[in-house]
Amino acid sequence: MDCGLWTLNFFYYSLTWCQVKKDEAAMRSQMSTNSATLPGLNLPATQELLNNLEKFKKGFVNYLQIKLDTEKEELKLWDCSNISAPELASKIPEDEPRYHLFNYNHTFEGENLWKIVFIYSCPGYNVPVKQRMMYSSTKACFLDSLKNLEIDVAARTEISDGGEVAENDVFEMIHPQKHASRAAFIKPKVPSRGGRRLIR
């Protein structure tokens, strides 16, 4: 190779590499300004999400919906509200995955209880592979982060649509032992690719 051409190519790639590093530094700086890291989770979370997780923990709101931004690779708040159990199904998106936290108020054996349910919703295989993989691989770490924040999750499940989280479904997630005796009398459902799955 001509010496002059080699020098020119070396200069070009060195300049490109410097620019890449500069862009990465700028991105890290922006992320540190606008977001923070959840304890136990390397993926950044927006400050808005962290603030509302604290509100959720203290009982000011009973429902949070969390979106994983695959472009920015960060977790952010998508919905924050107070809802009743029958309204939960309408909160499940039909076109994108989400994480949901719902603090379910109900009566059990004469006692008034609040129990937190974690739901990972993913509407089938029409969701891009990258989205499915990122949500799936981040889920366990996110649940560990909730533990570190002292948010006690009583039950967790994966669903494909809102029809799988009617109020009786949520109740049975939290108190499954009371329904075990009925199992012998219930006709099994036909197996399918989707469906609600409790996460152990």
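Residues numbered from 1 in each chain as written. Predicted model: local features only at pLDDT ≥ 70, side-chain atom pairs only at ≥ 80, totals over all residues. Heavy atoms only, no water.

## Considering the overall build of the protein
Part 1 of the argument: Check the secondary structure of the protein and you find four helices and eight strands.
Part 2 of the argument: For the protein, the sequential pattern of α-helices and β-strands runs α-β-β-α-β-β-β-β-α-β-α-β.
Part 3 of the argument: On the protein, roughly 12,400 Å² of surface is accessible, and the fraction owed to carbon and sulfur atoms is 55%. (Helix = DSSP H or I, 4+ residues; strand = E, 2+ residues; numbered from the N terminus. Areas by Shrake-Rupley, 256 points an atom, 1.4 Å probe, with all protein chains shown as cover.)

## Structural notes on the side chain of K139
Part 1 of the argument: Position of K139 relative to the elements: it lies in helix α3 (residues 129-148).
Part 2 of the argument: On the accessibility criterion, K139 (11% relative accessible area) is buried. (Buried < 20%, exposed > 50% of the residue type's maximum accessible area, 1.4 Å probe, protein only.)

## Observations regarding the nonpolar core
Part 1 of the argument: Among the nonpolar cores identified, the biggest contains 26 residues, and L64, I66, L75, Y99, L101, F118 and L146 are the most heavily contacted of them.
Part 2 of the argument: Of all the secondary structure elements, the ones that give two or more residues to this core are α2 (47-58), β3 (63-69), β4 (74-81), β5 (98-108), β6 (111-121) and α3.
Part 3 of the argument: Per-element tally for this core: the top contributor is α3, with five residues.
Part 4 of the argument: Ranked by size, the runner-up nonpolar core spans 18 residues in total, among them I92, F171, M173 and I174. (Core = buried A, V, L, I, M, F, W, Y, C linked by side-chain atoms within 4.5 Å.)

## Describing the pattern of salt bridges
Part 1 of the argument: Taken as a whole, this structure holds seven salt bridges when the rule is applied.
Part 2 of the argument: When the shortest N-O distance is used, the salt bridge between K58 and E54 registers 3.9 Å. Here K58 and its partner E54 are both found in helix α2, four residues apart, which amounts to about one turn of the helix.
Part 3 of the argument: Salt-bridge contacts for K139 lead to E158; the nearest nitrogen and oxygen are separated by 2.4 Å. Of the two residues, K139 is situated in helix α3 and E158 in strand β7 (residues 153-159); the sequence distance between them amounts to 19 residues. We note that K139, like E158, is buried. (Salt bridge = Lys/Arg side-chain N within 4 Å of Asp/Glu carboxyl O.)

## Comments concerning the confidence of the model for the protein
Part 1 of the argument: Here the protein shows a mean pLDDT of 79. Residues at 70 or above account for 68%.
Part 2 of the argument: Across residues 3-33, where pLDDT falls below 50, the model places four contacts with residues more than four positions away in sequence or in other chains.
Part 3 of the argument: Across residues 179-188 the pLDDT falls below 50, and counting only partners more than four positions away or on other chains, this stretch makes three contacts in the model. (pLDDT = per-residue confidence, 0-100. Contact = heavy atoms within 4.5 Å.)

## Here's the deal with the pairing of β7
Part 1 of the argument: Among the seven residues that make up β7, five are buried, leaving the element largely enclosed by the rest of the structure.
Part 2 of the argument: Taken together, the six bridges between β6 and β7 define a ladder with parallel strand orientation. In the strand pairing of β7, Y120 is matched with E158.
Part 3 of the argument: Read as a crossover between parallel neighbours, the route from β6 over α3 to β7 is right-handed. (Pairing = 2+ DSSP bridges. Right-handed = clockwise from strand over helix to strand, strands pointing away.)

## Here we look at α2
Part 1 of the argument: Along its 12 residues, α2 runs 17 Å from first to last C-alpha, staying within 8% of the 16 Å computed at 1.5 Å per residue.
Part 2 of the argument: Within α2 the residues assigned to the buried category are L49, L50, N52, L53 and F56.
Part 3 of the argument: Once α2 finishes, G59 follows within two positions and takes phi at roughly 90 degrees, a positive value. (Expected span 1.5 Å × (residues − 1).)

## Some thoughts on unusual backbone geometry
Part 1 of the argument: Not every positive phi belongs to a glycine, and E73 is a case in point at roughly 55 degrees.
Part 2 of the argument: Summarising the element assignment, E73 is placed in the loop between β3 and β4.

## Description of the packing of aromatic side chains
Part 1 of the argument: What the rule picks out here adds up to eight aromatic pairs.
Part 2 of the argument: When the ring centre of W78 is taken as reference, the NZ or CZ atom of R98 above it lies at 4.7 Å. (Phe/Tyr/Trp six-rings, centres within 6.5 Å; stacked < 30°, edge-to-face > 60°. Lys NZ or Arg CZ within 6 Å of the ring centre and 35° of its normal.)

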